[in-house]
Amino acid sequence: MSDNRFKDHLGRPIVAVTGMGVITSLGQGLQDNWAALTSGTSGIHKITRFPTDGLSTRISGTVDFIAVPADNAVERSYAFARETTTEALAQAGLSGDFEGPLFLAAPPVEPEWTDRFALADRAPPSQAEGDVYDRFLTAMRERPDPVFLEAVQFGSISERLADQFGTRGLPVTLSTACASGVTAIQLGVEAIRQGRTDKALVAATDGSVSVEALVRFSLLSALSTQNDPPEKASKPFSKDRDGFVIAEGAATLVLESLESAIARGAKVLGIVKGLGEKADHFHRTRSSPDGGPAIATIRAALADAGMEEGGIGYINAHGTSTPENDKMEYGAMLAVLGDSLKSIPVSSNKSMIGHTLTAAGAVEAVFSIQTMLTGTLPPTINYTNPDPTIELDVVPNVKRDGSPKAVLSNSFGFGGQNASLVMTLEPV
């Protein structure tokens, strides 16, 4: 007979978090990140990795303090995920082969411009005017380049992590834009709820800041161009916000069934209580202005958690600092939470770390749990010119004591990818 202490309101195994690891532009490790985040420190800085002459945006939250063998997005993303996974497993008290599935959120992979030019230059002169992909293939056949190959394989990051940490089965690599981190958590939670495993390793990583990324997002008018000073550029929910600040980072969470965690004497850091995910077909990049899909996502997360709206004590907002997305998120939260929203603290970590894209949902899940564990609400910095149409308690500029027992964390991404998490300190 099963023990109901370990089942949720729908009779599914309760999912606990027993280990966390994080890297952002603020530093490496949860301790350093939390100290910087709660002190209102910004990790946004001028880009030094590559020249920014002629670019309208010259700032970022790049992570430049982790050594990589080759300067490309795959190597950076792998290195970040390796470090955060090592930290999370240590906190969970797990060593040796993990022997559970791995779900990884990773950025879309493309060769750097310099690598493409170098490869094209290696093609025979007879193909100088031919199809560029034929030239690439010819060059690779004549002189294979294992480093280049590793850098353009979408699944290589998860395969290397699986080999290093001894996960079970084929690792799953996914990309759902800015919601990717939450989607990875959702896959891990569902695997445990369905009884397919007692534990799952969930990681989200993004080391993809490049000239091309800046150009592409700039063409969408998505990036802030307030370059000086860099640390003032990201200003979620402010009237003078003008775009997000692109950034890098990673986070790993060890998920276990509560029953398994208790049985092995693990410390339970928090509970993943509910998840919601809805698609938005409004536009390739823009969110639906009426917030319909985001509203449905938040409601779905609350329903999955078996919670009423009044149970939420803190919101870790998507809070990108773009004019349209901040307005949409506010409308969605207001539609679900009503007048009570004014009394719920809502802060955006992106004001300090920037938007870590693929990694954002997992990074913010880690910070959400840490908020509950420590009783400290991180601030939203750069909040000096409030948007009068967005009435929120954004924990402006300075951290605050608080004791939320349940947190809502939103991730609303390009391409209509919307995901929300409800996390609690206790299973009930």
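Quantities reported herein were computed from a predicted structural model and do not represent experimental measurements. (Residues numbered from 1 in each chain as written. Predicted model: local features only at pLDDT ≥ 70, side-chain atom pairs only at ≥ 80, totals over all residues. Heavy atoms only, no water.)

1. With respect to the overall build of the protein chain
- Counting its regular elements, the protein chain contains 13 helices and 15 strands.
- At 21 Å, the protein chain has a C-alpha radius of gyration in line with the 22 Å of a compact globule built from 428 residues.
- The buried share among the 428 residues of the protein chain stands at 59%.
- Sequence-distant contacts, at least 24 apart, represent 77% of the contacts inside the protein chain between residues at least 6 apart.
- For the protein chain, the exposed area adds up to about 17100 Å²; of that, 52% sits on carbon and sulfur atoms.
- On the protein chain, the mean spot of the 36 positive side-chain charges and the mean spot of the 50 negative ones are 3 Å from each other. (Helix = DSSP H or I, 4+ residues; strand = E, 2+ residues; numbered from the N terminus. Rg over C-alpha atoms; globule rule 2.2 N^0.38 Å. Buried < 20%, exposed > 50% of the residue type's maximum accessible area, 1.4 Å probe, protein only. Contact = heavy atoms within 4.5 Å. Areas by Shrake-Rupley, 256 points an atom, 1.4 Å probe, with all protein chains shown as cover. Lys, Arg positive; Asp, Glu negative; His and termini not counted. Charge placed at Lys NZ, Arg CZ, Asp CG, Glu CD.)

2. Here we look at the side chain of Thr183
- Looking at the element boundaries, Thr183 is found in helix H7 (residues 180–193).
- Take Thr183: its relative accessible area is 8%, and that puts it in the buried class.
- Discounting chain neighbours no more than four positions away, the residues touching Thr183 are Leu174, Thr176 and Glu277.

3. A look at H7
- Along its 14 residues, H7 runs 20 Å from first to last C-alpha, staying within 8% of the 20 Å computed at 1.5 Å per residue.
- The buried count for H7 comes to 12 of 14 residues, which makes it a mostly enclosed element.
- Of the residues flanking the end of H7, it is Gly195, one or two places downstream, whose phi is positive at about 80 degrees. (Expected span 1.5 Å × (residues − 1).)

4. Brief notes about the environment of Asn4
- Among the secondary structure elements, Asn4 is positioned in the segment before strand E1 (15–24).
- Residue Asn4 is classed as exposed on the basis of its relative accessible area, which comes to 60%.
- Spatially, the C-alpha atom of Asn4 lies 51 Å from that of Val147, the residues being 143 residues apart in sequence.

5. Some words on the pattern of salt bridges
- Within the structure shown, the criterion is met by 19 salt bridges.
- Residue Arg12 is joined to Asp304 by a salt bridge in which the shortest nitrogen-to-oxygen separation is 2.9 Å. With Arg12 in the segment before E1 and Asp304 in helix H10 (residues 292–305), the pair connects residues that are 292 residues apart, well separated along the chain. When sorted by exposure, Arg12 lands in the same class as Asp304, which is buried.
- Each of Asp8, Arg12, Glu190, Arg193 and Asp304 takes part in salt bridges that share partners, so that together they form one network. (Salt bridge = Lys/Arg side-chain N within 4 Å of Asp/Glu carboxyl O.)

6. Brief notes about the nonpolar core
- Counting residues in hydrophobic clusters, the biggest one holds 47 residues, and the most contacted among them are Val17, Ile185, Leu253, Leu255, Val272, Ile369 and Leu421.
- Discounting residues that sit within four places of it in the chain, Val272 has contacts with Val15, Val17, Ile185, Val189, Arg193, Leu255, Leu421, Val422 and Met423.
- With 28 residues, the next largest nonpolar core counts Ala317, Val336, Leu341 and Val422 among its residues. (Core = buried A, V, L, I, M, F, W, Y, C linked by side-chain atoms within 4.5 Å.)

7. Considering the packing of aromatic side chains
- By the definition in use, this model includes 2 aromatic pairs.
- With centroids separated by 6.2 Å and ring planes inclined at 40 degrees, the aromatic side chains of Trp34 and Phe367 adopt a geometry described as tilted. In this pair, Trp34 is assigned in helix H1 (residues 30–38) and Phe367 in helix H13 (residues 360–374), connecting sequence segments 333 residues apart. Summarising the burial analysis for this pair, Trp34 and Phe367 share the class buried.
- Both rings, one in Phe217 and one in Phe244, keep their centres 5.3 Å apart while their planes meet at 80 degrees; by these two values the pair is edge-to-face. Pair noted here: Phe217 is in helix H8 (residues 211–219) and Phe244 is in the loop between H8 and strand E8 (249–257), with a separation of 27 residues, a long-range link. (Phe/Tyr/Trp six-rings, centres within 6.5 Å; stacked < 30°, edge-to-face > 60°.)

8. Let's talk about the domain arrangement of the protein chain
- Here the protein chain is described as being made up of domain 1 (15–110 + 152–423) and domain 2 (113–151).
- Computed from C-alpha atoms alone, the centre-to-centre distance between domain 1 and domain 2 is 36 Å.
- Counting residues at the interface gives 12 residues for domain 1 and 7 residues for domain 2.
- The interface formed by domain 1 and domain 2 holds 1 salt bridge in total.
- Glu150 is the partner of Arg160 in a salt bridge, and the nearest nitrogen-oxygen pair spans 3.4 Å.
- At the junction of domain 1 and domain 2, the tally comes to 6 residue pairs in polar contact (both at pLDDT 80 or more). (Domains from an automatic or database assignment. Polar contact = N/O pair within 3.5 Å; in protein donor to acceptor, adjacent residues only side chain to side chain.)

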